[in-house]
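# Fold and geometry: a report
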Amino acid sequence: MTDKEIIRLYSDGHEEEAFNGIVDAYTERLYWHVRRFLCCHEDANDLVQDIFIKIWAALPTFRGESQLFTWIYRIATNEVLNHLRKQKFKALISLDSASEVLCRKIDDDPHFNGDRLQRELQKAIQRLPEKQRVVFSLRYFDEMKYEDISEITDTSVGALKASYHHAYNKIKNDLLKLL
């Protein structure tokens, strides 16, 4: 089901059917978007469920001023960042850095099936500052246009390009150290 069909269903009063269309169309995409930040299958699954609850609650406020997918990704990204901030606070209490906690989750996750280089790539991404991590993930993994990322993050295209460039160079340098 396309985003236009979903919006049409919702505006015609078929809210549940429209929401089911959103769930069908976005579950896998949102799961991987969230998983790249949380590094853990169980945490990602739980947060995706919370994100869909937020989407359901916010659906009446969708005015169509943006694309449906950028609106959904904005909600998902905000929820991920809120979750990470809570983890960062918990990490401060335990004296570990949040990125160390996430890197351990990558190593401990039985569902991770990548090779050593993929594992190190994920760890390098976790060490990036929050904004760079978001931009890198949306651009590199989700292959989004800068204009769409701009809508999601409420950041200028120029700033996003600079953030991506810095993130790319940091990751490249981290990975070159392994060789």
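Each remark here, short or long, concerns the structure printed above.
Reference entry: report on the structure contained in this document. None of the values given here were measured: they were computed from a predicted structure.

### Points about the packing of helix α6 (residues 116-126) against helix α7 (residues 130-141)
Their axes nearest at 9 Å, the elements α6 and α7 cross at an angle of 140 degrees. In terms of their interaxial angle, α6 and α7 are classed as oblique. On α7, the residues touching Leu-121, Gln-122, Ile-125 and Gln-126 of α6 are Arg-133, Phe-136 and Phe-141. Among the residues making up the contact of α6 with α7, the classes are represented as four nonpolar, two polar and one charged.

### Concerning the packing of aromatic side chains
Considering all chains together, one arrives at 10 aromatic pairs under this definition. A centroid spacing of 6.3 Å and a plane angle of 85 degrees characterise the contact between Phe-19 and Phe-52, whose relative ring orientation is edge-to-face. Taken together, the residues Phe-19 in helix α2 (residues 15-38) and Phe-52 in helix α3 (residues 41-58) connect sequence positions 33 residues apart. Both residues of the pair, Phe-19 and Phe-52, count as buried. Taken together, a centroid distance of 5.4 Å and an interplanar angle of 15 degrees make the contact between Phe-136 and Tyr-164 stacked. One end of the pair, Phe-136, is in helix α7; the other, Tyr-164, is in helix α9 (residues 157-176), with 28 residues separating them in the sequence. Since its relative accessible area comes to 3%, Phe-136 is described here as buried. Among the residues examined, Tyr-164 registers a relative accessible area of 16% and is labelled buried. Here the aromatic cluster, defined as three or more aromatic residues joined through ring pairs, consists of Phe-136, Tyr-140, Phe-141, Tyr-146 and Tyr-164. The cationic tip of Arg-139 hangs over the ring face of Tyr-146; the distance from NZ or CZ to the ring centre is 4.3 Å.

### Structural notes on unusual backbone geometry
A positive phi is found at Glu-143, a non-glycine position, where the angle reads about 55 degrees. Within the secondary structure layout, Glu-143 lies in the loop between α7 and α8 (146-153). Judged by relative accessible area, Glu-143 falls into the exposed class, the value being 66%. The phi dihedral of Asp-154 falls on the positive side, at around 55 degrees, and the residue is not glycine.

### A closer look at the nonpolar core
Among the nonpolar cores identified, the biggest contains 46 residues, and Ile-22, Leu-30 and Ile-55 are the most heavily contacted of them. Residue assignment for this core shows that the elements contributing at least two residues are α1 (3-11), α2, α3, α4 (68-94), α6, α7, α8 and α9. Here this core takes 10 residues from α4, the largest share from any one element. Excluding residues within four positions of it along the chain, Ile-55 makes contact with Phe-19, Ile-22, Leu-30, Trp-71, Ile-72 and Ile-75.

### So, α3
Helix length check: α3 (18 residues) gives 25 Å between terminal C-alpha atoms against 26 Å at 1.5 Å per residue, within 8%. Burial in α3 covers these residues: Ala-44, Leu-47, Val-48, Ile-51, Phe-52 and Ile-55. With its buried residues spanning 150 degrees around the axis, α3 presents them on a single face. Facing away from the buried side of α3, by more than 90 degrees, are the exposed residues Asp-46, Ile-53 and Ala-57.

### Some remarks on the pattern of salt bridges
Enumeration over the complete set of coordinates arrives at seven salt bridges. Between Arg-63 and Glu-65 there is a salt bridge, with its nearest N and O atoms 3.1 Å apart. Residue Arg-63 shares its accessibility class with Glu-65, and that shared class is exposed. The partner of Lys-123 in a salt bridge is Glu-120, with the nearest N and O atoms 3.6 Å apart. Residue Lys-123 and its partner Glu-120 are both found in helix α6; the two are separated by three residues, about one turn of the helix. Accessibility classification places Lys-123 together with Glu-120 in one group, the buried group.

Conventions we followed
Residues numbered from 1 in each chain as written. Predicted model: local features only at pLDDT ≥ 70, side-chain atom pairs only at ≥ 80, totals over all residues. Heavy atoms only, no water. Axes fitted to C-alpha atoms, helices over the stretch in contact; angles between N-to-C directions. Helix = DSSP H or I, 4+ residues; strand = E, 2+ residues; numbered from the N terminus. Parallel < 35°, antiparallel > 145°, perpendicular 65-115°, else oblique. Contact = heavy atoms within 4.5 Å. Nonpolar A, V, L, I, M, F, W, Y, C, P; charged D, E, K, R; others polar. Phe/Tyr/Trp six-rings, centres within 6.5 Å; stacked < 30°, edge-to-face > 60°. Buried < 20%, exposed > 50% of the residue type's maximum accessible area, 1.4 Å probe, protein only. Lys NZ or Arg CZ within 6 Å of the ring centre and 35° of its normal. Core = buried A, V, L, I, M, F, W, Y, C linked by side-chain atoms within 4.5 Å. Expected span 1.5 Å × (residues − 1). Arc of directions from axis to C-beta. Salt bridge = Lys/Arg side-chain N within 4 Å of Asp/Glu carboxyl O.

Treat this as a map of the structure, not an account of what it does.
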